[in-house]
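Results of the structural survey
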Amino acid sequence: MNTKNIPAIMSLSAGAITSIITYLIGYEVKAMLGILLAVLLLFYVAGLIVKAILDKFQNEIALKEEEEERLRKEEEERMAAMENEEAEKRKGASDIPVPEAE
């Protein structure tokens, strides 16, 4: 998931909503701009926090997947080694001469 644009999207969306609401209520332009600036900064910081949390979760998920893959490969290698040992035991057992019955 690309989280790069989350702060910008959050702040711009909040800014657009704020602009529309302050216009409809009838604020003066100077008051509208002050409110808009505060909203943009507030939501940009909130977006940075959300982005950091999502990035942390993504990193944790990636580490967990890597660990599971490593464990799966180790298990496959262990099973292959056990199969090789069994095959060598069977091969070694077939080399032993069997006395013939008279």
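So, here's what we can say about the structure. (Residues numbered from 1 in each chain as written. Predicted model: local features only at pLDDT ≥ 70, side-chain atom pairs only at ≥ 80, totals over all residues. Heavy atoms only, no water.)

Topic: the overall build of the chain
Selection criterion: The helix count covers DSSP runs of H or I at least four residues long, the strand count covers runs of E at least two residues long, and both are numbered beginning at the N terminus. Three labels apply to residues, based on accessible area from a 1.4 Å probe with only protein chains included: buried if under 20% of the type maximum, exposed if over 50%, partly exposed otherwise in between. We call two residues in contact when some of their heavy atoms are within 4.5 Å. All accessible areas in this document rest on Shrake-Rupley with a 1.4 Å probe, and a residue is counted as covered only by the protein chains that are shown.
Along the backbone of the chain there are two helices and zero strands. Expressed as a percentage of its 102 residues, the buried residues of the chain come to 12%. Across the chain, the fraction of contacts at a sequence separation of at least 24, relative to all contacts at a separation of at least 6, is 73%. For the chain, the exposed surface amounts to about 8700 Å²; the carbon and sulfur share of it is 65%.

Digging into a nonpolar patch on the surface
In plain terms, the rule: Each patch is built from residues that are more than 30% exposed by relative accessible area and take part in no salt bridge. Like charges join if they lie within 9 Å; nonpolar side chains (Val, Leu, Ile, Met, Phe, Trp, Tyr) join within 5 Å. We define a salt bridge as a contact between a side-chain nitrogen of Lys or Arg and a carboxyl oxygen of Asp or Glu at a distance within 4 Å.
Taken together, Val-45, Ile-49, Ile-53, Phe-57 and Ile-61 make up a surface patch of nonpolar side chains, about 470 Å² in accessible area. Mapping Ile-53 onto the fold places it in helix 2 (residues 29-94). For Ile-53, a relative accessible area of 42% corresponds to the partly exposed category.

Here's the deal with the side chain of Thr-18
Position of Thr-18 relative to the elements: it lies in helix 1 (residues 6-25). Contact partners of Thr-18, with chain neighbours within four places excluded, come to Ile-35, Leu-36 and Val-39.

Digging into helix 1
The line we're drawing: Expected span of a helix: the number of residues minus one, times 1.5 Å. In this context, the arc is that of the directions from the helix axis out to the C-beta atoms.
Compared with the 28 Å implied by 1.5 Å per residue over 20 residues, the 28 Å span of helix 1 between its first and last C-alpha is a close match. Within the span of helix 1, buried status applies to Ile-6, Pro-7, Ser-11, Ala-14, Gly-15, Thr-18 and Thr-22. End-on, the buried residues of helix 1 take up no more than an arc of 150°, which puts them together on one face. Residues of helix 1 that are exposed and angled more than 90 degrees away from the buried face: Ile-9, Leu-12, Ile-17, Ile-20, Tyr-23 and Leu-24. Positive backbone phi, approximately 100°, marks Gly-26, located one or two places after helix 1.

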